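Structural characterization, general
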Amino acid sequence: VHEICLFLVPEGLKPEPVKVQDPEGYVPIFGGLGRITQSFEPARQYVLNRGIEEFAAIELKLGSAISGYLGGRIIVPNLAPDGTWRGWIARDYIGIQEPKYRYAKGMRRTHLWNDVEFSTPREFLLCVEGVFDAMPLWPDPSEEFGVCAFLGKPTKTHREFPEAHRNTPLIIRSEEDDQRRV
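In what follows, the accompanying structure is described. (Residues numbered from 1 in each chain as written. Predicted model: local features only at pLDDT ≥ 70, side-chain atom pairs only at ≥ 80, totals over all residues. Heavy atoms only, no water.)

1. Here's the deal with the overall build of the protein
- Across its full length, the protein holds five helices and eleven strands.
- Of all 182 residues assigned to the protein, the portion counted as buried reaches 45%.
- In the protein, the proportion of contacts linking residues at least 24 apart, taken out of those at least 6 apart, comes to 55%.
- Here the protein has roughly 10,000 Å² of accessible surface; of this, 54% comes from carbon and sulfur atoms. (Helix = DSSP H or I, 4+ residues; strand = E, 2+ residues; numbered from the N terminus. Buried < 20%, exposed > 50% of the residue type's maximum accessible area, 1.4 Å probe, protein only. Contact = heavy atoms within 4.5 Å. Areas by Shrake-Rupley, 256 points an atom, 1.4 Å probe, with all protein chains shown as cover.)

2. Thoughts on the sheet that holds strand β7 (residues 101-103)
- Taking strand neighbours across the sheet as the criterion, the five strands line up as β3-β4-β5-β6-β7 in an open arrangement whose pairing is antiparallel. Where the open sheet ends on each side, the last strands, each with one partner, are β3 (27-28) and β7.
- Note: strand β4 (residues 63-64) against strand β5 (residues 73-79), two bridges, orientation antiparallel. Looking at the pairing, Ser 64 lines up with Ile 74 of β5.
- In the packing of helix α2 (residues 41-49) onto the sheet, the strands contacted are β4, β5 and β6 (85-92), and the crossing angle to β5 comes to about 60°. (Pairing = 2+ DSSP bridges. Axes fitted to C-alpha atoms, helices over the stretch in contact; angles between N-to-C directions.)

3. Details of the sheet that holds strand β10 (residues 145-150)
- In spatial order, the strands read β8-β10-β9-β11; together these four strands make up an open sheet with mixed pairing. Across the chains shown, the open sheet's two edge strands, defined by having one partner strand only, are β8 (112-113) and β11 (170-173).
- Two elements, strand β9 (residues 124-128) and β11, share four bridges in a ladder whose sense is parallel. The residue bridging Cys 127 from the neighbouring strand is Ile 172, located in β11.

What follows is the structure, given as structure tokens:
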């Protein structure tokens, strides 16, 4: 069980840690046994087909489970700046499971995935609607912008960002933006 704390809280308030369950059956799919296990080949192909490079998948600790509650899903850790797990997001990659996304029980979804980007000064920050929209853009080789993702649709609870970035231009891109251009 991991403890997580949120950074999106009113100034002066300290959030209470929340217990989050570890992802059952998690195996990194580009490392160790996950790299050589044939059962994970469809998961690896799904990640690569989504435009996520292998080095990024390794760095972001993408994994999967062969069976159980998270079987047939890509497991994306939500990492704290120190690399510890604050929760996880699991997405169906075989295209038949409902719901399409599962989240760690107890993980609050009002914070952002990859909010570690807030710890480095950037020209601008790009926040997209989901982790699979953010990962192909991470990391920016020019280091001009940081990429983070909302855990679901953006809400007004996401509007508070760390004080250090109050003057950093923030670009918020939603799935509706993409659909309007089609």
